[in-house]
Structure formats: structure tokens, C-alpha cells
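As a plain string of letters, each chain reads:
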Amino acid sequence: MAGEELEKFLLERHKDVSLFDFEGKQVPCIVVDGKKFDDIMKNIAGRPVSVETNLNILQDGLGHVFVRVTLQFSQGNIEEKFLIYANEAVDFFEALAETTMLALSSPNSQYGSANVFMIQLPRPERAQNALDIIRKGLHK
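Residues numbered from 1 in each chain as written. Predicted model: local features only at pLDDT ≥ 70, side-chain atom pairs only at ≥ 80, totals over all residues. Heavy atoms only, no water.

*Asks:* Is there a simple way to explain the overall build of the chain in this structure?
*Replies:* Each helix and strand in the chain was counted, giving 4 helices and 7 strands. Ordered by position from N to C terminus, the α and β elements of the chain give α-β-β-α-β-β-β-α-β-β-α. Relative to the 2.2 N^0.38 estimate, which gives 14 Å for 140 residues, the radius of gyration of the chain is 15 Å and therefore close to what a compact globule would have. Considering the chain as a whole, with its 140 residues, one finds that 41% of them fall into the buried category. Here the analysis covers contacts within the chain between residues at least 6 apart in sequence; of these, 58% occur between residues at least 24 apart. Distance between charge centroids for the chain: 4 Å, based on 15 positive and 20 negative side chains. (Helix = DSSP H or I, 4+ residues; strand = E, 2+ residues; numbered from the N terminus. Rg over C-alpha atoms; globule rule 2.2 N^0.38 Å. Buried < 20%, exposed > 50% of the residue type's maximum accessible area, 1.4 Å probe, protein only. Contact = heavy atoms within 4.5 Å. Lys, Arg positive; Asp, Glu negative; His and termini not counted. Charge placed at Lys NZ, Arg CZ, Asp CG, Glu CD.)

*Asks:* How should I be thinking about the packing of aromatic side chains in this particular structure?
*Replies:* The geometry of an aromatic ring pair is captured by the separation of the ring centres together with the interplanar angle, meaning the angle of the planes. The tally for this structure, following the rule as stated, stands at 4 aromatic pairs. When the ring of Phe9 is compared with that of Phe66, the centres are 5.2 Å apart and the planes differ by 90°; the resulting orientation is edge-to-face. Note that Phe9 is positioned in helix α1 (residues 3-12) and Phe66 in strand β4 (residues 65-73), a separation of 57 residues in sequence. Like Phe9, the residue Phe66 is buried in the burial classification. Here a set of aromatic residues connected by ring pairs shows up, and it is made of Phe9, Phe66 and Tyr85. (Phe/Tyr/Trp six-rings, centres within 6.5 Å; stacked < 30°, edge-to-face > 60°.)

*Asks:* Teacher, can you tell me more about the pairing of strand β3 (residues 51-59) here?
*Replies:* Successive residues of a regular strand alternate their side chains across the two faces of the sheet. Sheet topology note: the β3/β4 ladder contains 9 bridges and is antiparallel. Residue pairing in the sheet places Glu52 in a bridge with Gln72 of β4. Linking β3 back to β4 in an antiparallel pair, the connection comprises 5 residues, with Gly61 at a positive phi of about 80°. (Pairing = 2+ DSSP bridges.)

Below you can see the structure in the form of C-alpha cells.
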């Protein structure tokens, strides 16, 4: 990853990620703009929905690791992409591998109780494999 590309990725990264306690477990959460969150919820409300979750890992061999998280919803023709700088969010990916759950929320949500959309990853091994790759990439 050239210096220009690294700077571009750093500018594009989604910084608003966090963890919250859900039934005694730390759940990784991507906080999205309130309007975007409301639009997603309006499109899927009251409908059975599944979310295909992909983790595309981008690294430069120098210790910089980014993960493009893509969420493809089965309803509402919704696809969301988030570029997360793993160097700043290792705990996010550790929690993802441990709980195999991911939450979406708006900035004014009450984590763990209201306005949070929970996604159960269908293939837990993918989160663990991603965490292994992230850890190796960080230690180059």
C-alpha cells in the first residue's frame, strides 16, 4: 500500500465503531448516520430478513490492515459497506469472532436496549479466520 493509498484509506475509514454489553458479552457495533439507520429499518421492518456479511481484508505487509465489511440485506435491495481500520479496532474484531454477532445502530440508540439491529453471522469460522489474518497482518 503506497503512502497515497494509505492516506486515502485512512480518510475513507468508518471511525464510528464500538462495543456494547449484551447479556454479559461484548458485541461489536457499527454506528451509522441516523437517517441511514432509519431508512434501513423502514425497508426491512416486519419482514423476514437475512444479512450476508463479508469481511474483505486489505493489508500492505507493513502492519496496516483494513477490513471492508459488506452487509447485503435480503430485503429492500440494501448493501452497506464500511471500511474499518483494524489497527484502531482490534477489539471490535475480537468481539466479532467471539460472539459471531454484529450490531448496527444510530448515534442516538440506546445500546443493548433500543434501536439496535443485531446480525447473527451464519458462518462463525469466517470471523475467526478474519481475526487470525488481521493479527498476522498487524505484526508484520
